Each structure stands twice: as C-alpha cells, then as structure tokens.
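# Fold and geometry: a report
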Amino acid sequence: MPKIVLPAAQWENLIAMMRATCPEIFDDSGNVLNCFAGQWQNSGQPRPILSPIDGSLLGNLPMLSGAEATTAVQTAQQEFTGWSALSLSARKEKVAAAIETLKAHRDLMAYLLTWEIGKPVRQARVSADRCISGVEWYLQEIDQMLVDRAPLGVVSNIASWNYPLSVLIHAMLVQALCGNSVVAKVPTDGGLYTLSFAVALCRKHGIPFTLVSGSGGELSQALIQSPEVAALNYVGGKSHSRSIAESLMETPKRYMLEMEGLNTYGIWNFSNWPALAAQMKKGYEYGKQRCTAYVRWVVQRELFPQFLETYLSVVKSLQIGHPLLVEEGASEAPDLDFGPVINAKKASELNALIQDAFMKGAIPVYRGVQNPDMFLPEQDKSAYLLPVCLLAVPKSAQLYHNEPFGPVDTIVLVDSEAELITEMNVSNGNLVSSIATDDVRWAETIVEDLRAFKIGINKVRSRGDREEIFGGFGNSWRGCFVGGEYLVRALTKGQADEVLFGNFRYGLNVPEAGDMLVQVG
C-alpha cells in the first residue's frame with residue numbers, strides 16, 4: 001500500500017492552526033515576525049528555511065541586524081521594570097496560565113518540531129511534556145528557593161536547535177518566574193515556528209518574552225555584551241564559549257555556557273549484555289543529536305566479541321526514516337528511533353569526518369543502509385545519515401577528539417585500567433560518562449579520575465530536570481551550574497558575598513551534594 005504524509009501533520013494545516021490561534025506572529029504575506037517591544041514586528045531579511053525531513057521550503061527566518069537586536073534588548077529591560085515589580089504569586093499565576101495554554105496546543109507544537117528539526121513525533125511530544133512538567137515542578141517548589149533573593153534583570157538565551165521546548169522554553173519560563181525579563185535568539189538551524197508559537201502563547205498571559213532571529217555573528221554583541229544583559233544562557237562550541245567566558249570574566253554578568261564534550265561509556269569486567277543493549281537502543285533517540293549522547297565506547301579488549309555482538313544487534317534493529325510517513329488511513333505517526341540529522345550540511349560534515357577517519361586508518365565496523373520503504377519515492381534524503389561505527393580511529397583524525405553530534409560511534413580497545421581512564425578522558429572534560437562493570441566497588445574507586453560532570457555505573461546519565469543539577473568539567477562547561485536551586489541562584493541575587501557553584505575561569509566551586517553526581521544502576 002502506498003504511503004503518505006500523516007494528514008493531521010501536513011505543514012499547510014499546521015500553519016493554518018497557528019494563524020488561527022496566534023495571527024499576530026505573521027505579517028500580511030505570511031512571513032513570521034520578530035517579537036520585541038511587546039509586539040510582533042519586523043520580518044527582517046528573509047533567509048529560507050528547509051525541512052530536514054524532505055528539503056521542502058517551510059518559510060523564511062526573519063534575520064535582524066545587530067542594531068535591531070540592541071533595540072530588542074533595550075526594550076526587554078523596559079519590560080523588566082514592570083514584571084519584576086509583580087509579586088511572586090502574581091508571576092506564578094501568569095506562568096501557570098501559560099503552561100495550561102501550552103498543554104492545550106501540545107500536539108501542534110510537537111508536529112511543528114518534527115517538520116523543523118526532524119524529531120520523531122513521539123520524541124517531540126516528550127519534549128513538550130518535559131517542558132510543561134518541568135515548569136510545573138518549579139511552580140510548586142520556587143517559593144522556598146526565592147526567599148531573600150531578587151531578580152537580576154534581562155536574561156539572554158542563545159541555545160542549540162535540538163531542544164527548543166524542553167530546554168529553551170523551559171529555561172525561559174523559569175527565568176521569568178524568577179522575576180527576570182527574557183530575550184532569546186531563534187537557532188538558525190531550526191525551531192522558528194515552534195518557538196514563535198510557544199512565545200506567542202506565553203505572551204498572551206503577560207510573560208515578558210522577546211524572540212529575535214539573526215546570525216550569531218551579527219547579534220552576539222547585542223545579546224551578550226549589551227549592558228542591559230544581566231545573565232547569559234548559551235549553548236555552543238568550545239572556541240566560541242571560551243572567548244565568551246573570557247569577555248565576561250571581568251563583568252558582573254552571570255553566565256551558563258554549555259560547550260562540547262566527548263561523552264564516553266567504558267566497558268570493563270562486564271557480563272550483563274542485555275542491560276547494556278537496552279541502554280544502547282535508547283541512546284540512539286533523535287540520532288544522538290544530544291549533548292549527553294554517548295558516542296565513544298572504550299572496551300576491554302577481551303570483551304570486544306561480546307560487545308560487538310550486542311552493539312550490532314542494536315544498530316540493526318533501529319527504525320530510521322521519514323518521521324511522518326504512514327499508510328493511508330493511519331492516524332498516528334510511526335515510532336521511529338530517528339529521522340534526518342538537522343540538515344544536509346550536517347550530514348555532509350559527518351560524512352567528511354567519517355571519510356577522514358577512514359583515510360587515516362580507522363576500521364569500519366558498521367554502516368546502515370537506507371530502507372526505501374521508510375521514505376517517499378523521489379523525496380530528498382540528503383539530510384539522512386544512518387548509523388556508522390568505526391574501530392581504532394587514529395589520533396590524527398578529527399573524529400578521535402571531536403563530538404560528532406550525530407549517529408556516529410567510535411570504539412577504542414584497551415588492555416589496562418590506566419588506558420581505560422585515559423581514553424575516557426580524551427576530550428578534557430565532558431558532561432556525562434558511564435562505566436559498565438560487574439564490580440561496582442571497583443567502579444566507585446575510579447570515578448574520581450574521570451573528567452565528567454555526571455557519572456553512571458551500569459546506567460547512562462542525562463541532563464535531567466527539576467532539582468537535578470547539571471554542568472560540566474574542563475572544556476565542556478563554563479559558569480554556573482544549573483538545575484533546581486542552583487538554577488534559581490544563578491538567575492537571582494542574594495547576599496553580596498554569596499558563592500555560586502560552577503566551573504569558572506579560575507576554578508571549580510563544587511556543590512555540597514557532590515555525591516549526587518554519581519549514580520549506580
């Protein structure tokens with residue numbers, strides 16, 4: 001039977017629903033506007049947006065100039081005055097009302113997310129649900145966290161494209177709940193419609209959100225260095241993050257800078273392969289386009305046959321394809337492991353990394369092949385990259401040191417504990433690491449040697465939400481740690497001599513509950 005795009009999720013229908021609910025987002029020609037000075041205005045310089053699913057044109061990104069972004073930040077400061085004067089109970093009431101409105105449009109946001117960044121529908125719904133439930137937790141818990149604390153001012157957000165709802169909108173709502181006004185830049189690689197719709201729904205309840213589009217190079221001066229910006233929430237690469245941290249070092253601005261890190265899973269004296277297989281399977285969600293994805297496997301040499309058998313059984317079982325493709329008459333999208341990577345350019349970059357490793361001597365272990373039944377005939381598939389795994393990548397290859405941010409794994413074989421630790425620490429700091437072993441007591445003795453912020457023993461670690469703390473070591477993070485009380489502290493001010501926990505230019509301030517960062521499965 002021929003397959004079609006799920007009727008309920010066709011792009012034209014989604015745009016019609018958006019326009020019926022929030023017509024203010026669009027100009028008379030149907031272009032999305034920027035949101036600042038309390039209104040939707042200025043369609044900027046249009047930059048075409050293509051869906052990673054099939055290369056179709058979704059619309060235009062309304063790119064602003066640096067001067068226009070400066071105006072947006074200044075008007076956000078004006079909104080801060082009125083918003084911060086509200087009582088906490090009044091802010092909570094408005095944020096709670098916004099959350100109820102987001103709930104009512106959860107499926108529409110999920111479908112938008114699928115078209116814009118290629119995330120399968122079930123995973124997109126989870127992203128919306130995590131945003132909603134996470135903010136609901138803060139609504140319940142924030143009173144005690146804000147005792148004797150005051151808002152900072154304007155909080156600026158420059159985030160990645162992979163989690164517009166569960167990370168960015170979630171963060172913006174918590175920032176506003178703390179009494180701040182909020183500015184966010186739309187990621188140029190995806191999320192314009194999802195973010196614009198969510199921001200418009202929140203603004204209907206008086207939440208002081210500003211949303212702007214533009215290139216990082218053009219807008220960074222306004223969004224990072226403007227005197228009105230009191231705090232910066234940033235996700236980006238190592239080089240940019242380091243330079244930002246240096247530029248903010250002598251300023252009073254708060255900052256939370258999430259950088260790159262090569263998250264690693266070490267395998268040593270281990271036998272529970274079915275449990276590891278389940279972790280591998282879940283780890284492939286969204287094609288490993290996550291900051292906490294495990295892409296480097298450091299394996300005891302004598303365990304390699306069992307590891308390889310487990311690994312291959314997992315990657316061969318993955319369902320990958322067009323995330324909205326259904327048989328005629330179906331009412332629900334397929335439950336895929338992942339669809340495309342974020343765009344054709346990223347797929348090309350990953351293929352170049354793979355080819356570089358091959359040319360320098362890496363051994364190919366696995367490369368997936370596209371199943372034509374998972375795609376429409378003649379559709380653009382240039383953004384699709386199936387799983388690739390390489391063994392013994394040489395140190396001269398870029399892939400040895402760099403986070404691929406996609407479905408590309410590497411395997412390193414080791415013969416001693418010292419080698420295991422060295423190879424797990426190759427990126428000088430990462431967000432998460434794990435060890436699979438039958439000897440938990442042994443694992444607990446080496447976790448202090450691992451340069452990861454969160455460490456799992458026989459389990460994977462993730463960013464987490466609600467009260468769970470998040471941050472990084474070394475090159476993977478700069479600035480305040482976040483999550484629960486730590487996030488609220490970073491977004492507010494208390495006593496003049498207070499200590500903020502984080503990874504700063506001159507060292508690490510470790511939270512009191514440091515043992516919470518290691519978990520045993």
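The text that follows walks through the structure, step by step, so that each part is easy to find. Note that the structure is predicted; figures quoted are calculated from it, not measured.

Moving on: the environment of Ile224. Inspection of the secondary structure assignment puts Ile224 in helix H8 (residues 216–225). Considered as a pair, Ile224 and Ile117 are 107 residues apart in the sequence and their alpha carbons are 26 Å apart. Beyond its immediate stretch of four places on either side in the chain, Ile224 contacts Ile158, Val229, Leu232, Ile244, Leu248 and Lys253.

Turning to the pattern of salt bridges, a few remarks are in order. Counted according to the given criterion, the structure contains 23 salt bridges. For Arg122, the salt bridge identified is with Glu285, shortest N-O distance 3.4 Å. With Arg122 in helix H5 (residues 121–145) and Glu285 in the loop between helix H10 (273–283) and strand E13 (296–300), the pair connects residues that are 163 residues apart, well separated along the chain. One salt bridge in this structure joins Lys360 and Asp356, with 3.0 Å as the shortest N-O distance. Judged by relative accessible area, which is 17%, Asp356 ranks as buried. One connected set of salt bridges, linked through shared partners, spans Arg106, Asp107, Arg125, Asp129 and Glu332.

Quick look at the state of the cysteines now. According to the stated counting rule, one finds zero disulfides in the structure shown. The thiol of Cys480 is unpaired, and the distance to the nearest cysteine sulfur, on Cys178, comes to 12 Å.

H5 packs onto helix H3 (residues 88–104) with a crossing angle of 165° between their chain directions and a minimal axis gap of 10 Å. The orientation of H3 relative to H5 falls into the category roughly antiparallel. When the axes of H3 and H5 are compared, the crossing they make is left-handed. Every residue of H5 that contacts H3 at Leu88, Lys92, Val95, Ala96, Ile99, Glu100, Leu102 and Lys103 is listed here: Ile132, Val135, Glu136, Leu139, Ile142 and Asp143. Along the lines of polarity and charge, the residues of the contact of H3 with H5 split into nine nonpolar, no polar and five charged.

What follows covers the sheet that holds strand E24 (residues 518–520). One open sheet holds the eight strands; their spatial order is E15-E16-E17-E13-E12-E18-E19-E24, and the pairing between them is mixed. Because the sheet does not close on itself, it has two edges, and the strands there are strand E15 (363–367) and E24. Recorded for the sheet is a direction-independent mean angle of 20° between the axes of neighbouring strands. Sheet analysis places E13 next to strand E17 (residues 408–414), joined by five bridges and oriented parallel. Following the sheet pairing, Val298 is matched in E17 by Val412. Sheet contacts for H10: strand E12 (264–267) and E13; angle to E12, the most-contacted strand, approximately 170°. Its contacts with the sheet place helix H14 (residues 417–424) against E12, E13, E17 and strand E18 (430–436), and it is angled at close to 170° to E12.

With that out of the way, let us pick up the layout of surface pockets. The calculated volume of the second largest pocket comes to roughly 390 Å³. If you go around the second largest pocket, you meet 23 residues; those closest to its centre are Ile49, Leu50, Asp189, Ile342 and Asn343. When contributions to the lining of the second largest pocket are tallied by element, the ones reaching two or more residues are strand E4 (45–50) and helix H12 (344–359). Broken down by element, the residue count for the lining of the second largest pocket peaks at four residues, all from E4. For the lining of the second largest pocket, a count of residues per class yields 10 nonpolar, seven polar and six charged.

Take H8 next. Within H8, the full set of buried residues consists of Leu219, Ala222, Leu223 and Ile224. Residues of H8 that are buried make contact with helix H2 (66–84), strand E7 (154–158), strand E8 (181–185), strand E9 (209–212), strand E10 (229–235) and helix H9 (238–248).

Okay, the side chain of Ser160 next. With respect to the secondary-structure elements, Ser160 resides in the loop between E7 and helix H6 (164–177). A polar side-chain atom of Ser160 sits 3.2 Å from a polar atom in the side chain of Asn162. Those residues in contact with Ser160, other than ones at most four positions away along the chain, are Pro187 and Val235.

With that settled, the discussion passes to H3. Spanning 17 residues, H3 covers 24 Å between terminal C-alpha atoms, matching the ideal 24 Å at 1.5 Å per step. If you check which residues of H3 are buried, you get Leu88, Arg91, Lys92, Val95, Ala98, Ile99, Thr101 and Leu102. If you follow the buried residues of H3, they end up packed against H2, helix H4 (106–117), H5, H6 and helix H7 (192–203).

Calculation criteria
As a convention, each chain's residues are numbered from 1 in the sequence order in which they are written. The predicted origin of the model limits local features to residues at a pLDDT of at least 70 and limits the giving and counting of side-chain atom pairs to 80 or more, whereas totals for whole chains, interfaces and linings rest on all residues. For side-chain calculations, the full set of non-hydrogen atoms in the structure is used, while hydrogens and water are omitted. Note on conventions: DSSP H or I runs of at least 4 residues are helices, E runs of at least 2 residues are strands, and numbering of each starts at the N terminus. Residues count as neighbours in contact if any of their non-hydrogen atoms are within 4.5 Å of one another. In the sections that follow, a salt bridge refers to a side-chain nitrogen of Lys or Arg positioned within 4 Å of a carboxyl oxygen of Asp or Glu. Under the scheme applied here, a residue whose accessible area is under 20% of the maximum for its type counts as buried, over 50% as exposed, and between as partly exposed, the area being computed with a 1.4 Å probe on protein chains only. Two cysteine sulfur atoms form a disulfide, by the criterion used here, when they sit within 2.5 Å. Under this scheme, a helix contributes an axis fitted over its contacting stretch, all axes are lines through C-alpha atoms, and angles between N-to-C directions fall in the 0 to 180 degree range. We call two directions roughly parallel when the angle between them is under 35 degrees, roughly antiparallel when it is over 145, roughly perpendicular when it lies between 65 and 115, and oblique otherwise. When the near helix sits turned anticlockwise from the far one by under a right angle, the crossing is termed left-handed; a clockwise turn instead gives a right-handed crossing. Each residue gets one of three labels, nonpolar for Ala, Val, Leu, Ile, Met, Phe, Trp, Tyr, Cys and Pro, charged for Asp, Glu, Lys and Arg, and polar for the others, Gly among them. For two strands to pair, DSSP has to find at least two bridges joining them. For each structure, a 1 Å grid was placed over the protein atoms alone; sets of points admitting a 1.4 Å probe that cannot get out are labelled cavities, open sets with protein on both sides within 12 Å along at least five of seven lines are labelled pockets, and lining residues have an atom within 4 Å of a point. Grid points are joined across faces, edges and corners, and a volume is the space filled by probe spheres set on the points. Contacts described as polar in this section are N or O atom pairs within 3.5 Å, which, within protein, must combine one atom able to donate a hydrogen with one able to accept it, while residues neighboring in sequence count only if both atoms come from side chains. By definition here, a helix of n residues has an expected span of 1.5 Å times n minus one.

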